Amino acid sequence: MAKVPVYNIEGQQIGEIELNDSIFNVPINTHVLHQAVVAHLANRRQGTFAAKTRAEVRGGGRKPWRQKGTGRARQGSIRAPTWRKGGVVFAKKPRDFSIDLPKKVRRLALKCALSSKVKENNLIVLDRWDMNQYKTKEVLRVLKNLGLENQKALIVIPEKNEYLQKSTRNIPEVKTLQVGNLNVFDILKYDKFVILQDAVKKVEEVYA
């Protein structure tokens, strides 16, 4: 099993932790990672857009002028797509964009994403991070101690911590996630992967 250092919020190494090879040391399958990212982005789409066709637009029941003899192009309705306030050609309608990946593919993709962070030395394990107030400055101080100033960082916590989660909201390049919301897209999007020691245990319990 691979060993990685464990740090405290002051940026000091206080020990090591062994990572489960079946999760943090699997061969990187780029095709599976691509599938997971595409599915994630597709599932975020609402698909609630709607436009009206010429059959649905109000008005236009009467032929605007006679077929022949006016010198103008023939028209059957003032709500044809070529007219102002007319219908839309091939109008968009509400649809479901979601993609359902097999469970084994989803699990493999997450393991590949986690393994990529370990192989690139972008995984940082913290022993604990307790916050009892909303303070963005404190989050910035800890990130600076870890050498993550001006870097895109994903912070993974074992359970809900409202103080920490809300304190990171207005830092543009930082995001906090609970273990249950961990996903391939966010793991790959952020350069550094900061995870609490208890969160590592939860990940191993679920995916080992």
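Structure's up top.
What counts and what doesn't
- Residues numbered from 1 in each chain as written.
- Predicted model: local features only at pLDDT ≥ 70, side-chain atom pairs only at ≥ 80, totals over all residues.
- Heavy atoms only, no water.
- Helix = DSSP H or I, 4+ residues; strand = E, 2+ residues; numbered from the N terminus.
- Rg over C-alpha atoms; globule rule 2.2 N^0.38 Å.
- Buried < 20%, exposed > 50% of the residue type's maximum accessible area, 1.4 Å probe, protein only.
- Contact = heavy atoms within 4.5 Å.
- Areas by Shrake-Rupley, 256 points an atom, 1.4 Å probe, with all protein chains shown as cover.
- Lys, Arg positive; Asp, Glu negative; His and termini not counted.
- Charge placed at Lys NZ, Arg CZ, Asp CG, Glu CD.
- Pairing = 2+ DSSP bridges.
- Axes fitted to C-alpha atoms, helices over the stretch in contact; angles between N-to-C directions.
- Core = buried A, V, L, I, M, F, W, Y, C linked by side-chain atoms within 4.5 Å.
- Expected span 1.5 Å × (residues − 1).
- Salt bridge = Lys/Arg side-chain N within 4 Å of Asp/Glu carboxyl O.

Enquirer: Would you mind going over the overall build of the protein with me for this structure?
Expert: Tallying secondary structure elements over the protein gives 7 helices and 6 strands in all. Element order for the protein, N to C, with α for helix and β for strand: β-β-α-α-α-β-α-β-α-β-α-β-α. Rg of the C-alpha trace for the protein: 27 Å, well past the compact-globule value of 17 Å for 208 residues, more than 25% over. Here the C-alpha coordinates of the protein stretch approximately 90 × 40 × 25 Å along the principal axes. Within the span of the protein, comprising 208 residues, buried residues form 40% of the whole. Residue pairs at least 24 apart in sequence account for 67% of intrachain contacts in the protein once pairs closer than 6 positions are excluded. Here the protein has roughly 13,000 Å² of accessible surface; of this, 48% comes from carbon and sulfur atoms. In the protein, the 39 positive side-chain charges and the 20 negative ones have mean positions that sit 23 Å from each other.

Enquirer: Got a minute to help me understand the sheet that holds strand E3 (residues 123-126) in this structure?
Expert: If you trace the 6 strands from one edge of the open sheet to the other, you get E2-E1-E3-E6-E4-E5, paired in mixed fashion. Bordering the open sheet on either side are strand E2 (13-19) and strand E5 (174-178), each of which pairs with just one other strand. Taken pair by pair, the neighbouring strands of this sheet meet at an average axis angle of 30°, ignoring direction. Bridge count for strand E1 (residues 2-7) against E3 is 2 bridges, and the pairing is parallel. Looking at the pairing, Tyr7 lines up with Leu126 of E3.

Enquirer: I tried to follow the nonpolar core on my own but got confused; where do I start?
Expert: Core analysis: the largest hydrophobic core is formed by 53 residues, its most contacted members being Phe24, Leu114, Leu123, Trp129, Phe193, Ile195 and Val203. Of the residues forming this core, the biggest block, 6 residues, is contributed by helix H3 (residues 103-119).

Enquirer: Before we go on, may I ask you to explain H3 in this structure?
Expert: In an α-helix, one full turn covers 3.6 residues, which means residues spaced three or four apart are oriented alike. The end-to-end C-alpha distance of H3 is 24 Å, a good match for the 24 Å that 17 residues give at a rise of 1.5 Å each. Within the sequence span of H3, burial applies to Ala109, Leu110, Lys111, Cys112, Ala113, Leu114, Ser115, Ser116, Lys117 and Val118. Immediately downstream of H3, the backbone of Asn121 shows phi near 60°, a positive value.

Enquirer: I tried to follow the pattern of salt bridges on my own but got confused; where do I start?
Expert: Should their charged atoms come close, side chains of opposite charge can pair. Counted according to the given criterion, the structure contains 7 salt bridges. Across the salt bridge formed by Glu10 and Arg141, the nearest N and O atoms sit 3.2 Å from each other. Here Arg141 lies in helix H4 (residues 136-145) and Glu10 lies in the loop between E1 and E2, a separation of 131 residues in the sequence. Looking at Arg141, the relative accessible area reads 30%, which means it is partly exposed. Close ionic contact of Arg128 with Asp130 constitutes a salt bridge, the shortest N to O distance being 2.5 Å. With respect to burial, Arg128 and Asp130 carry one shared label: exposed. Here the salt bridges share partners, and the residues they tie into one network are Glu10, Glu138 and Arg141.

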